[in-house]
Amino acid sequence: MPQLFSIRTALALLGILQVLLGGNSLRAKLFWIILIVMFPVTGLVIYCLTGITYRNQAVFKRLHGTAVDRMKKEITMEQAQEWFSDKDLEKVPEEYKPLARLMLSCGEGNKVYAGNSFEIITSGLRKRELLLEDIRKARRFIHLEYFRFGDDEAGRQVRDLLYRKVEEGVEVCFLNNNMVGRFIPRSYFRDMRRHGINVVSYTHIRMGIRQWLMRINRQNHRKILVIDGKVAYVGGMNLNNHYFYQWRDTHLRITGPLVARLQASFMDSWIGSGATFRHPLNEYISKEYPQEEAPFRDKLVQEVVSAPEFAHRAAQEAFEWILNNARKYVYIQTPYLVLPDSLMQALKNAVSRGVDVRLMLPKEVDTPFMGPTNHAFYQACLKAGIHLFERGGEFIHAKTLVADDGLTVIGGSNLDYRSLDLNCENDTIIYDQETAQVNKQIFLEEKASCKELDLVTWRASRSVWQRFVSAVMWPFRYLL
């Protein structure tokens, strides 16, 4: 027993030292220290899998070096200057140039592109209609990475159409977030491979134990699909029945120069997961875009890519910049509200300057832990003067922000620690008044079906049990 006690003590001290040297916030460090002191072995294991910050150059090179080297080899300097230049940065309105430059400093691939056309999709049925038609038109390749790909009606509709495209000679590459899809039978993905779809798992032991440990809790939450280098889809909608038929979400269908950036993002994820392409990389990037009607045309857009091994938390820094610089209003839709301290402070700062800050959340959440954790933040938000709106009916999974009739964000990042710190994400910033006004109108129309919360009523409505559960979940917010 004394020997066992000394081993447990040594593990606890080792874990505490690692926590103190790590890059987490002071509150997060305190949480991890308490957990390790209380449960030395279990706490240390959980910390190693979920709490260690991997934001350093060595990890970045290990995960992205192969893709970067291949891009340098197979994409000429002239092509890179044409496809990934900074020439459109000066077109950003003066008040938002600091934001655009900040995002560029978070990742050199976060370029600004002019001349994009897109449709904002707020209906799963509309995405289904557009996506299936675009897949039918594919001639060369279809590249997709999705957080969830269902073994259900929606997933099989897309899968079966992909089978037909493979028979026509179209290259189909699917980056599967296998940790989330672990409840889908392996035979489902084996069947996809038998039909010629190149399915690669984002997290697998074949890449080595170190990468497996880094990725087991840091998942690929992106939803990107690129067809022939000419059309792309990005946003919050996955491919299963929830998103096609049941939930309210927001997605983008895009044509224009931004498609090259989304294709490069897929290349990086694909090669970083140990996969290969049939052709040199420059053959997957096109400068010929369909000349078609779209609700929004010739728009200035910046794609922001986040990953746990990047030096900066790009999505979080974007949200905080917008809140700290907003003048009139910021309207946000998010399914989850588990706020880092600095983001919570940015929300409070905006309200203190007279900015109208509104958050729209679902009344009922899709996972049992997130509802009580969301509620743990409500009182602080309401006390600060932030307007909270709960939306009943279908679950709202949208992740959108609109500010000051000039700026829109549509993406995949939730306002929680998992999206902002642990997962790989893509978010789209649109610098355009017309787009912002339309998104503002979408928010205001949906507000009519919401219930606005007030502090007194909210406190009175909470049972002792509900308060207890939220209090229990509060310390574990760093895991969610």
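For the structure, see preceding data.
Let me begin by describing the structure that accompanies this report.

### Points about the overall build of the protein
When its secondary structure is counted, the protein shows 19 helices and 15 strands. Taking 480 residues into account, the globule formula puts the C-alpha radius of gyration at 23 Å, and the protein, at 22 Å, falls close to it. If you line up the protein on its principal axes, its C-alpha atoms span 65 × 55 × 45 Å. Expressed as a percentage of its 480 residues, the buried residues of the protein come to 58%.

### Some remarks on the pairing of strand 1 (residues 112-121)
Counting buried positions along strand 1 yields 9 of 10 residues, so the element is predominantly enclosed. One ladder, built from 4 bridges, connects strand 1 with strand 8 (residues 296-306); its direction is antiparallel. Paired with Val112 across the strands is Gln302, a residue of strand 8.

### Concerning helix 8 (residues 153-167)
Over its 15 residues, helix 8 extends 21 Å from the first C-alpha to the last, a length consistent with the 21 Å expected when each residue adds 1.5 Å. Within helix 8 the residues assigned to the buried category are Ala154, Gly155, Val158, Arg159, Leu161, Leu162, Tyr163, Lys165 and Val166. Taken together, the buried residues of helix 8 touch helix 7 (124-137), strand 2 (141-146), strand 3 (171-176), helix 9 (186-194) and helix 11 (241-246). Gly169 sits one or two residues past helix 8 and shows a positive phi near 95°.

### Digging into the packing of aromatic side chains
The final tally for this structure, using the stated rule, is 19 aromatic pairs. Taken together, a centroid distance of 5.4 Å and an interplanar angle of 85° make the contact between Tyr188 and Phe189 edge-to-face. For the pair Tyr188 and Phe189, a shared accessibility class is recorded, and that class is buried. Taking the centre distance of 4.8 Å and the plane angle of 25° together, the rings of Tyr331 and Phe443 count as stacked. Within this pair, whereas Tyr331 is found in strand 9 (residues 329-333), its partner Phe443 is found in helix 17 (residues 433-447), the two being separated by 112 residues in sequence. Residue Phe443 is classed as buried on the basis of its relative accessible area of 2%.

### Details of the nonpolar core
Counting 89 residues, the largest nonpolar core has Ile142 and Leu144 as the members making the most contacts within it. The element that contributes the greatest number of residues to this core is helix 13 (residues 314-325), accounting for 7 residues. Non-local contacts of Ile142, meaning those with residues more than four positions away in its chain, are made with Ile135, Leu162, Lys165, Val170, Glu171, Val172, Cys173, Leu225, Val226 and Ile227. Ranked by size, the runner-up nonpolar core spans 39 residues in total, among them Ile254, Tyr289, Val301 and Cys424.

### Some details on the packing of helix 2 (residues 26-38) against helix 3 (residues 40-51)
Two elements in contact, helix 2 and helix 3, have axes whose closest approach is 6 Å; the angle formed by their N-to-C orientations is 145°. Residues Trp32, Leu35, Ile36, Val37 and Met38 of helix 2 touch helix 3, and the partners they reach there are Pro40, Gly43, Leu44, Ile46, Tyr47, Thr50 and Gly51. Grouping the amino acids of the contact of helix 2 with helix 3 by side-chain chemistry returns 9 nonpolar, 3 polar and no charged.

### Some words on unusual backbone geometry
In the Ramachandran plot, Asp404 falls in the positive-phi region, its phi being about 55° despite a non-glycine side chain. By the secondary structure assignment, Asp404 is in the loop between strand 12 (400-403) and strand 13 (407-411). Positive phi, normally seen in glycine, also occurs at Asp405, with a value near 55°.

### Things to note about a nonpolar patch on the surface
There is a patch of nonpolar side chains on the surface, built from Leu30, Ile34, Met38 and Phe39 and spanning about 410 Å² of accessible area. Tracing the sequence through the fold places Ile34 in helix 2.

### A look at the pattern of salt bridges
Under the counting rule described, the total for this entry stands at 25 salt bridges. A salt bridge links Glu171 to Arg278; the nearest nitrogen and oxygen atoms lie 3.9 Å apart. Taken together, the residues span a long stretch of sequence, with Glu171 in strand 3 and Arg278 in the loop between helix 12 (258-272) and strand 8 at a distance of 107 residues. You can call Glu171 buried: its relative accessible area is 4%. By relative accessible area, which is 55% here, Arg278 ends up exposed. One salt bridge connects Arg391 with Glu446, and the closest N-O pair in it is separated by 3.9 Å. Residue Arg391 is located in strand 11 (residues 387-391), and its partner Glu446 is located in helix 17; the two are separated by 55 residues in the primary sequence. Each of the two residues, Arg391 as well as Glu446, counts as buried. Shared partners join several salt bridges into a network, and the residues in it are Glu90, Glu94, Lys97 and Arg101.

### Quick look at the packing of helix 7 against helix 8
The relative placement of two packed helices comes down to the angle between their axes together with the axis-to-axis distance. Here helix 7 crosses helix 8 at 10°, and the two axes come no closer than 9 Å. One element, helix 7, and the other, helix 8, form an angle in the roughly parallel class. Regarding helix 7 and helix 8, the two cross each other, and that crossing is right-handed. Along its contact with helix 7, which presents Arg128, Leu131, Leu132, Ile135, Arg136 and Lys137, the element helix 8 presents Gln157, Val158, Leu161, Leu162 and Lys165. Residue composition of the contact of helix 7 with helix 8, grouped by class: 6 nonpolar, 1 polar and 4 charged.

What counts, and where the lines are drawn
Residues numbered from 1 in each chain as written. Predicted model: local features only at pLDDT ≥ 70, side-chain atom pairs only at ≥ 80, totals over all residues. Heavy atoms only, no water. Helix = DSSP H or I, 4+ residues; strand = E, 2+ residues; numbered from the N terminus. Rg over C-alpha atoms; globule rule 2.2 N^0.38 Å. Buried < 20%, exposed > 50% of the residue type's maximum accessible area, 1.4 Å probe, protein only. Pairing = 2+ DSSP bridges. Expected span 1.5 Å × (residues − 1). Contact = heavy atoms within 4.5 Å. Phe/Tyr/Trp six-rings, centres within 6.5 Å; stacked < 30°, edge-to-face > 60°. Core = buried A, V, L, I, M, F, W, Y, C linked by side-chain atoms within 4.5 Å. Axes fitted to C-alpha atoms, helices over the stretch in contact; angles between N-to-C directions. Nonpolar A, V, L, I, M, F, W, Y, C, P; charged D, E, K, R; others polar. Patch = residues over 30% accessible without salt bridge, like charges linked within 9 Å, V, L, I, M, F, W, Y side chains within 5 Å. Areas by Shrake-Rupley, 256 points an atom, 1.4 Å probe, with all protein chains shown as cover. Salt bridge = Lys/Arg side-chain N within 4 Å of Asp/Glu carboxyl O. Parallel < 35°, antiparallel > 145°, perpendicular 65-115°, else oblique. Left-handed = near helix turned anticlockwise from the far one by under 90°.

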